[in-house]
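This is what each chain is made of:
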Amino acid sequence: MRKKDIFEENKELQSSLFLAQSYQDAWADYGRSLKKERFARWDGNQKFGIVSEATYDAVMNTNLKGLFFMTQIVSNYMKEKKIKGHILNVSSAAALKPGYTPYEISKSGVRSFTLGAAAELIPYGIVVNAIAPGPVATAMLGRKEGDTLYTDCIPAKRFATPSEIGQLAVIMVSDMCDLVIGDTFYISGGSGTIQYVR
């Protein structure tokens, strides 16, 4: 069965994708409503001691709750239809930092859940891993096409590009990674792995 057919016939899967997008849209709207740009970003720089419950819930709902229930729904469908394949979660190099903000705590949760889901699902031929980018040259970090990739914040001295993240993701969901189980691949230029900035 083609992937398109699987999607079109499964209303529960469509609902889960809509739910995940709703979480993202809601968090983006919330971020735009904040006055301080750095506080609005998803980079985990909110200061401990002033984090609101609304911010905590928004980050956890987007980064962890949505991912958990999406994985549950998709994997249940794959088991029911006996579909073997890959699930790739999106974590962050921030998962390696001490968890003093909701962002870092949520991404550590993704790392832990990836291990747990991998153990639960590999008997069904479903491979679960995570990809964990560091700083990426996107609008979230104030970068647009044509801007320099240079940064002195990480050991590699440059941001990753979205295409580099995509290329690694393609490898991770291919048969080249069929025996990589429950792992998290960091593509961070050394941020989080050999250096982290609090």
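The present account deals with the structure reproduced in this document.

Quick notes on the rules
- Residues numbered from 1 in each chain as written.
- Predicted model: local features only at pLDDT ≥ 70, side-chain atom pairs only at ≥ 80, totals over all residues.
- Heavy atoms only, no water.
- Helix = DSSP H or I, 4+ residues; strand = E, 2+ residues; numbered from the N terminus.
- Buried < 20%, exposed > 50% of the residue type's maximum accessible area, 1.4 Å probe, protein only.
- Contact = heavy atoms within 4.5 Å.
- Areas by Shrake-Rupley, 256 points an atom, 1.4 Å probe, with all protein chains shown as cover.
- Core = buried A, V, L, I, M, F, W, Y, C linked by side-chain atoms within 4.5 Å.
- Expected span 1.5 Å × (residues − 1).
- 1 Å grid on protein atoms, 1.4 Å probe; cavity = no way out; pocket = protein on both sides within 12 Å on 5 of 7 lines; lining within 4 Å.
- Points joined across faces, edges and corners; volume = space filled by probe spheres on them.
- Nonpolar A, V, L, I, M, F, W, Y, C, P; charged D, E, K, R; others polar.
- Phe/Tyr/Trp six-rings, centres within 6.5 Å; stacked < 30°, edge-to-face > 60°.
- Pairing = 2+ DSSP bridges.
- Axes fitted to C-alpha atoms, helices over the stretch in contact; angles between N-to-C directions.
- Parallel < 35°, antiparallel > 145°, perpendicular 65-115°, else oblique.
- Left-handed = near helix turned anticlockwise from the far one by under 90°.

1. A closer look at the overall build of the protein
1) Next: For the protein, the helix and strand inventory stands at six helices and three strands.
2) Next: Ordering the α and β elements of the protein from the N terminus gives α-α-α-α-β-α-β-α-β.
3) Next: Taking all 198 residues of the protein together, 40% fall into the buried category.
4) Next: Long-range pairs, those at least 24 residues apart, make up 68% of the contacts in the protein between residues at least 6 apart in sequence.
5) Next: About 11,600 Å² of surface is accessible on the protein, with carbon and sulfur atoms providing 58% of the total.

2. Notes on the nonpolar core
1) Next: Residues Leu67, Met78, Ile87, Val110, Phe113, Ala117, Ala118, Leu121, Ile126 and Val128 constitute the largest nonpolar core, which totals ten residues.
2) Next: When contributions to this core are tallied by element, the ones reaching two or more residues are helix H4 (53-80), helix H5 (102-121) and strand E2 (126-133).
3) Next: Per element, the largest residue contribution to this core is five residues, and it comes from H5.
4) Next: Those residues in contact with valine 110 that lie beyond four places of it in its chain are Asn63, Leu64, Leu67, Asn89, Val90 and Ser91.
5) Next: Counting seven residues, the second largest nonpolar core, distinct from the first, contains Ile131, Val136, Ala160 and Ile187.

3. A word on H4
1) Next: Here H4 spans 38 Å end to end across 28 residues, near enough to the 40 Å set by a 1.5 Å rise per residue.
2) Next: A positive backbone phi angle near 55° is found at lysine 82, which sits one or two residues after H4.

4. Here's the deal with the layout of surface pockets
1) Next: One number sums up the size of the second largest pocket: a volume of about 200 Å³.
2) Next: What lines the second largest pocket is Phe68, Thr71, Gln72, Ser75, Asn76, Lys79, Phe113, Gly116, Ala117, Glu120, Leu121 and Tyr124.
3) Next: When residues of the lining of the second largest pocket are traced back to their parent elements, those giving at least two are H4 and H5.
4) Next: Among the elements that make up the lining of the second largest pocket, the one with the highest residue count is H4 (six residues).
5) Next: Classifying every residue of the lining of the second largest pocket gives five nonpolar, five polar and two charged.

5. Digging into the packing of aromatic side chains
1) Next: Counted according to the given criterion, the structure contains two aromatic pairs.
2) Next: Seen in terms of ring centroids, phenylalanine 68 and phenylalanine 69 are 5.0 Å apart; in terms of plane orientation they differ by 80°. Their pairing is edge-to-face.
3) Next: Accessibility expressed as a relative area gives 33% for phenylalanine 68, which makes it partly exposed.
4) Next: Considering the side-chain rings of phenylalanine 68 and phenylalanine 113, the 5.1 Å spacing of their centres and the 45° angle between planes classify their relative orientation as tilted. Linking phenylalanine 68 in helix H4 with phenylalanine 113 in helix H5, this pair joins segments that are 45 residues apart in sequence.
5) Next: In textbook terms, an aromatic cluster arises when at least three aromatic residues are bridged by ring pairs, as seen for Phe68, Phe69 and Phe113.

6. A closer look at the sheet that holds E2
1) Next: Spatial ordering of the open sheet is given by E1-E2-E3, a layout of three strands whose pairing is parallel. In this open sheet, the two edge strands, each paired with only one partner strand, are strand E1 (85-90) and strand E3 (184-187). With direction set aside, neighbouring strand axes in the sheet form an average angle of 25°.
2) Next: Here six bridges tie E1 to E2, and the two strands are oriented parallel to one another.

7. Some details on H5
1) Next: Between its first and last C-alpha atoms H5 spans 27 Å; for 20 residues at 1.5 Å apiece the expected length is 28 Å, and the two agree.
2) Next: Inspection of H5 places Pro102, Tyr103, Glu104, Ser106, Lys107, Gly109, Val110, Phe113, Thr114, Ala117, Ala118 and Leu121 among the buried residues, and these make up the whole buried set.
3) Next: In this fold, the buried residues of H5 make contact with H4, E1 and E2.

8. A few points about the packing of H4 against H5
1) Next: Close contact between H4 and H5 brings their axes to 9 Å; oriented N to C, the two are set at 15°. By the angle between their directions, the pair H4 and H5 is classed as roughly parallel. Relative to H5, the crossing made by H4 is right-handed. On the side of H4, the interface is formed by Tyr56, Val59, Met60, Asn63, Leu64, Leu67, Phe68, Thr71, Ser75 and Lys79, while H5 contributes Pro102, Tyr103, Ile105, Ser106, Lys107, Gly109, Val110, Phe113 and Leu121.

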